[in-house]
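Chain by chain, the residues run as shown.
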Amino acid sequence: MGLKTSNLTFDERVKKAKQDKFMQAAVGKAQDAQFEKRTRAREELGNWNGWRDLGEQIRQHVIKYLPDYLEEFSANVEKNGGHVYFAKTDVDATNYIKQVAKEKQVKKVVKSKSMVTTEIDLDKELLKLPGLSLMETDLAEFILQEDNWDEPTHIVFPTLHKNRDQVCEVFQKIGYTGDNDPEHMGRFARKYLRQYFMEADLGITGCNFAIADNGMINLVTNEGNADLTMALPKTQIVVMGMERIVPSLKEAEVLDNLLCRSAVGQKLTSYCTFSAGKLADELDGPEDFHVVILDNGRSNALNTAFEPILQCIRCGACLNVCPVYRQIGGQGYGSIYPGPMGKVLSPVLDGGYENFGELPYACSLCGACSETCPVKILLHELILEHRKVEMNKLHLDHSLNNVIFKTISVGTKTPILFKGALLGEHLALKPFSNKKENSVENLYPEGKVDKVPKIAPSLIHGWVDVRDLAEPPKVKENFRHWYDRHQKEKRGEIND
C-alpha cells in the first residue's frame, strides 16, 4: 500500500468519506467510547500530567541522542546473535527482507500488525517472490487483506469502517458458512490462521519500542498473534522506525503505561512482550533474528521545527479527539497515517507537499490533539507550521490567491483604505445576503452571506461555501461608531 493510499484528490476523498454514513457513525461512537475508557484509565494511574512530562522527557532525550542509542541497540542485538540492517529508504528495507526470504527459501510468511511495514508496502513486495504466500495475523489486518487489501481507517482500529455483515461477507469468500455473530467469526478466523502459524518459516513483526541497553524489542498487543509470530517460525524479522527506541526497560515501562492507556483505555494490553530472539536455554523463538531499522524520511524532521513528531508513540489518541477525523474517517486523508499525527508526519516522510499538501488545512486548530497526546507533542502548532511552510513555498507563489492576500494586506495596513472598505462593505455584500429564521443552522437571522458569483476567486468561494459570514452592519451601526459614541458618552459629550 505504501504511505500514499489513494490516487483520488483530497476533495474527492472527502466527498466519498462524507457519503459513508456508517463510517461516520462508527467513528463517532468509537471516539465517545474511547474518551470514557481513556479518561478512566488515566485517572486510575494518577498524576497523569506528571506521567506525560516524564514521557515527553524520555522521547526528547532519545531523539537528541538518537545516533548513540541506535548504535548501542545495534551492538547489543548483534551481541545476542542477531543481525541489524539500517535502511535509508523503503526500497532498501524491502530489498533486504526479500533477500533474507530468498536465502532462507521461505514459502510461508506470517505478520503481526505493523504500521511501518504498511508504510513500505512490504506485503505486496514479498508476494512478488515466486512460491511465497503471506498472511496478516492481526484480526483487523487479516480482514483488510482478505477484502482485497482494503485501506485501514485508524492506526489502532484498522477496520473501524466495517460492520459485522461486511466482515461476514469477507469471510464467506474464504469458506466461512456461519452467521454474523462476532464470536463465531472470531473462532473461524482463529482456526483459519492457526494452520499458517504452524507452517510458517518466516515471522515479521513491528516494534513498539527497542531497548538500547539489552538489544530487546518490546511489543504490546491484544490478540497474542505477535507472540506466535515471534515464537513459531525459525526466522524473525523486526521492522522498526529509527525513532522507536528507549534507553532501558525502565523507560519502556513508562511508555507502555502511557501507550496502553492512551490507545485502548486499558492499564495494560493483554500481551506485553520483550524478545531478543531465541536464547541458548529457550525452547521456542527464532533461530535467526533480524532487525531492520528504517529511516524513510524520518531524518527530514531532525533539527527542524517538525522534530517533535518523532516523539510520537502511535497511540492514536489524537485521532480519537479530532473533529475532522470524526467527519472524514481515516481514508479521507489518503495516507496510512491519518488524523492530526498524520497531518504532521505524512508531509515529513514524503519529503514535501506534492501528495499531502492539503492535510495541514484539514484542521480546526482546536488543540484537542495536543491536549490528549501522552508525550505532549504540540500537534496543532506543528500543523500550523506546515501551513506556513506550504504557503510560503508553494501554492501562494505567483497565484491569484497571493495577489488577493497582498492586496488585503496593503488595505488593512493603510488607515484610509481600511476606513474606505468599512464604508462600502455593507452595500457591497448586501446583494449576496439573505435572512432566515434563527436556528442551530443559522446564527445570523439579520442576514448571512451564503452565495457569491461563480466568477469570484476560489479563495472567496472557499470561505463562503463552507463558513458562516454575517452580513456586515451599516456604517452607523458598526463597532467603530459604537465605540466612538460610547467614549463620548463616558466623557459627557453626548446625553441620550
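Residues numbered from 1 in each chain as written. Predicted model: local features only at pLDDT ≥ 70, side-chain atom pairs only at ≥ 80, totals over all residues. Heavy atoms only, no water.

## Let's talk about the overall build of the chain
Then, number 1: When its secondary structure is counted, the chain shows 20 helices and 13 strands.
Then, number 2: Along the three orthogonal principal directions, the C-alpha set of the chain runs to about 95 × 55 × 50 Å.
Then, number 3: Here the chain holds 496 residues, and 50% of them are scored as buried.
Then, number 4: Counted over contacts in the chain with a minimum sequence separation of 6, partners at least 24 positions apart contribute 72%. (Helix = DSSP H or I, 4+ residues; strand = E, 2+ residues; numbered from the N terminus. Buried < 20%, exposed > 50% of the residue type's maximum accessible area, 1.4 Å probe, protein only. Contact = heavy atoms within 4.5 Å.)

## Some details on the nonpolar core
Then, number 1: Formed by 60 residues in total, the largest nonpolar core has its most connected members in Phe306, Tyr337 and Met341.
Then, number 2: Residue assignment for this core shows that the elements contributing at least two residues are helix H1 (10-18), helix H2 (21-45), helix H3 (48-64), strand S5 (209-211), helix H12 (249-263), helix H13 (323-328), helix H14 (339-350) and helix H16 (379-395).
Then, number 3: At seven residues, H12 tops the list of elements feeding residues into this core.
Then, number 4: Contact partners of Phe306, with chain neighbours within four places excluded, come to Ala301, Val344, Val348, Tyr353, Leu382, Glu385, His386 and Val389. (Core = buried A, V, L, I, M, F, W, Y, C linked by side-chain atoms within 4.5 Å.)

## Examining a negative patch on the surface
Then, number 1: Residues Asp68, Glu71, Glu72 and Asp213 make up a contiguous surface patch of negative charge.
Then, number 2: Inspection of the secondary structure puts Asp68 in helix H4 (residues 66-79). (Patch = residues over 30% accessible without salt bridge, like charges linked within 9 Å, V, L, I, M, F, W, Y side chains within 5 Å. Areas by Shrake-Rupley, 256 points an atom, 1.4 Å probe, with all protein chains shown as cover. Salt bridge = Lys/Arg side-chain N within 4 Å of Asp/Glu carboxyl O. Lys, Arg positive; Asp, Glu negative; His and termini not counted. Charge placed at Lys NZ, Arg CZ, Asp CG, Glu CD.)

## Structural notes on helix H8 (residues 139-146)
Then, number 1: Across the eight residues of H8, seven count as buried, placing the element largely inside the fold.
Then, number 2: Here H8 has its buried residues at Ala140, Glu141, Phe142, Ile143, Leu144, Gln145 and Glu146.
Then, number 3: Against strand S3 (133-136), helix H9 (164-172) and helix H10 (182-199) lie the buried residues of H8.
Then, number 4: Its side-chain oxygen 3.1 Å from the backbone nitrogen of Ala140, Asp138 forms the N-cap of H8.
Then, number 5: Asn148 sits one or two positions beyond H8 and adopts a positive phi of about 60 degrees. (Polar contact = N/O pair within 3.5 Å; in protein donor to acceptor, adjacent residues only side chain to side chain.)

## A few points about unusual backbone geometry
Then, number 1: Phi at Asn47 takes a positive value of approximately 50 degrees, unusual for a residue other than glycine.
Then, number 2: Considering the arrangement of structural elements, one finds Asn47 in the loop between H2 and H3.

## Considerations on the sheet that holds strand S7 (residues 235-241)
Then, number 1: Here we have six strands laid out as an open sheet, ordered S1-S10-S7-S4-S2-S3, and parallel in their pairing. For this open sheet the edge positions go to strand S1 (83-87) and S3, each flanked by a neighbour on one side alone. On average, adjacent strands in this sheet sit at an angle of 20 degrees to one another, irrespective of strand direction.
Then, number 2: Relative to S7, strand S4 (residues 202-205) is paired through four bridges, and the arrangement is parallel. (Pairing = 2+ DSSP bridges. Axes fitted to C-alpha atoms, helices over the stretch in contact; angles between N-to-C directions.)

## Observations concerning the sheet that holds strand S9 (residues 271-275)
Then, number 1: Read from one edge of the open sheet, four strands run S8-S5-S6-S9, paired in mixed fashion. In this open sheet, the two strands that pair with only one neighbour each are strand S8 (245-246) and S9.
Then, number 2: Pairing of S5 with strand S6 (residues 216-221) involves three bridges; the strand directions are antiparallel. Pairing of Ala210 across the sheet is with Ile217, part of S6.

## Overview of the environment of Val324
Then, number 1: Structurally, Val324 is set in helix H13.
Then, number 2: Distance in space between the C-alpha atoms of Val324 and Pro360 is 11 Å, their sequence separation being 36 residues.
Then, number 3: Every residue in contact with Val324, bar those within four places of it in the chain, is listed here: Tyr333, Lys343, Ala362, Cys363 and Ser364.

## Some details on the packing of H9 against H10
Then, number 1: The contact between H9 and H10 brings their axes to 11 Å, and the two run at 30 degrees. With respect to H10, the element H9 is oriented roughly parallel. Judged by the sense of rotation from one axis to the other, the crossing of H9 with H10 is left-handed. Every residue of H10 that contacts H9 at Arg164, Val167, Cys168 and Phe171 is listed here: Pro182, Met185, Phe188 and Ala189.
Then, number 2: Split into classes, the residues belonging to the contact of H9 with H10 amount to seven nonpolar, no polar and one charged. (Parallel < 35°, antiparallel > 145°, perpendicular 65-115°, else oblique. Left-handed = near helix turned anticlockwise from the far one by under 90°. Nonpolar A, V, L, I, M, F, W, Y, C, P; charged D, E, K, R; others polar.)

## Re the pattern of salt bridges
Then, number 1: Going through the model one piece at a time under the given rule, you end up with 17 salt bridges.
Then, number 2: Arg326 is paired through a salt bridge with Asp32; the nearest N and O atoms lie 3.2 Å apart. In this pair, Arg326 is assigned in helix H13 and Asp32 in helix H2, connecting sequence segments 294 residues apart.
Then, number 3: Given a relative accessible area of 42%, Asp32 falls into the partly exposed group.
Then, number 4: A salt bridge links Lys88 to Asp295; the shortest N-O distance between them is 3.2 Å. Highlighted residues: Lys88 in the loop between S1 and helix H5 (90-103) and Asp295 in the loop between strand S10 (288-294) and H13, separated in sequence by 207 residues.
Then, number 5: Members of the salt-bridge network, linked through shared partners, are Glu119, Glu243, Arg298 and Arg314.

## A word on H5
Then, number 1: Here H5 is 14 residues long and its end C-alpha atoms lie 20 Å apart, about the 20 Å a rise of 1.5 Å per residue gives.
Then, number 2: Ala93, Thr94, Tyr96, Ile97, Lys98, Val100 and Ala101 are the residues of H5 that are buried.
Then, number 3: Once H5 ends, the next one or two residues include Gln105, with phi positive near 55 degrees. (Expected span 1.5 Å × (residues − 1).)

## With respect to the side chain of His386
Then, number 1: Relative to the helices and strands, His386 resides in helix H16.
Then, number 2: Dropping the residues within four chain positions of it, His386 is found in contact with Phe306, Lys343, Val344, Pro347, Val348, Tyr353 and Pro360.

## Let's talk about the packing of aromatic side chains
Then, number 1: If you walk through the whole model with that rule in mind, you get 11 aromatic pairs.
Then, number 2: An angle of 40 degrees between the planes, with centres 5.6 Å apart, marks the rings of Phe142 and Tyr192 as tilted. One end of the pair, Phe142, is in helix H8; the other, Tyr192, is in helix H10, with 50 residues separating them in the sequence.
Then, number 3: Overall, the relative accessible area of 0% leaves Phe142 in the buried class.
Then, number 4: We classify Tyr192 as partly exposed; its relative accessible area is 25%.
Then, number 5: The ring of Tyr196 is capped by Lys108, whose NZ or CZ atom sits 4.7 Å from the centre of that ring.
Then, number 6: The side chain of Arg244 reaches across the aromatic face of Phe209, ending 5.8 Å from its centre. (Phe/Tyr/Trp six-rings, centres within 6.5 Å; stacked < 30°, edge-to-face > 60°. Lys NZ or Arg CZ within 6 Å of the ring centre and 35° of its normal.)

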